[in-house]
Amino acid sequence: MNPKNDHVVIKAMEDGVNVIGLTRGSDTKFHHSEKLDKGEVMIAQFTEHTSAIKIRGKAQIQTSVGELESDSRK
């Protein structure tokens, strides 16, 4: 599996879901943030700059290794 080709599909199940990209390297830092409203879908990709994706809020998440659902922030 090549991490540069890995995609993550995120569908917001409530308003205000935050999707945050985290950098690679010796210091992990936030480098990008999006806010999704209910029903919105984002397709994200791991890159040479993005090593992790943090999702805050209720969302359906699809990856190459399976599907899961995050919990609500409320």
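A.B. asks: Which residues make up the sheet that holds strand 3 (residues 30-36), and what values go with them?
C.D. replies: Here three strands make up an open sheet; going across it, the order is 3-2-5 and the pairing antiparallel. Two strands lie at the open edges of the sheet, namely strand 3 and strand 5 (50-56), each paired on one side alone. Across the sheet, the mean angle from the axis of one strand to that of its neighbour is 15 degrees, orientation sign disregarded. Where strand 2 (residues 17-23) meets strand 5, six bridges bridge the pair, whose relative direction is antiparallel. Looking at the pairing, Gly21 lines up with Ile53 of strand 5.

A.B. asks: Tell me about the side chain of Thr23, and name the residues and values.
C.D. replies: Mapped onto the fold, Thr23 is located in strand 2. Ignoring sequence-local partners within four residues, the contact set of Thr23 consists of Thr28, Lys29, His31, His49 and Ser51.

A.B. asks: Account for the pairing of strand 1 (residues 7-12), with residues named and values stated.
C.D. replies: A one-sided burial pattern is seen for strand 1, the buried positions being Val8, Ile10 and Ala12 and the unburied ones His7, Val9 and Lys11. Of the pairings in the sheet, the one linking strand 1 to strand 4 (residues 41-45) comprises five bridges and is antiparallel in character. Within strand 4, the position partnered with Lys11 by the bridge is Val41. Bridge analysis of strand 1 against strand 6 (residues 59-63) gives four bridges, and the strand direction is antiparallel. When the sheet's bridge partners are listed, Ala12 is paired in strand 6 with Ala59.

The rules behind each value
As a convention, each chain's residues are numbered from 1 in the sequence order in which they are written. Two thresholds apply to this predicted model, a pLDDT of at least 70 for residue-level local features and 80 or more for giving and counting side-chain atom pairs, whereas whole-chain, interface and lining totals are computed over all residues. With hydrogens and water set aside, each side-chain value is computed from the structure's full complement of heavy atoms. For two strands to be treated as a pair, DSSP must find no fewer than two bridges joining them. Each helix is a run of H or I in the DSSP string that is no shorter than four residues. Each strand is a run of E no shorter than two, and both are numbered from the N terminus. Lines fitted to C-alpha atoms define the axes, with helix axes restricted to the stretch in contact, and inter-axis angles between N-to-C directions lie between 0 and 180 degrees. Any pair of residues with heavy atoms lying within 4.5 Å of one another is described as a contacting pair. The classification of residues rests on relative accessible area computed with a 1.4 Å probe and restricted to protein chains. Under 20% of the type maximum is buried, over 50% is exposed, and intermediate values are partly exposed.

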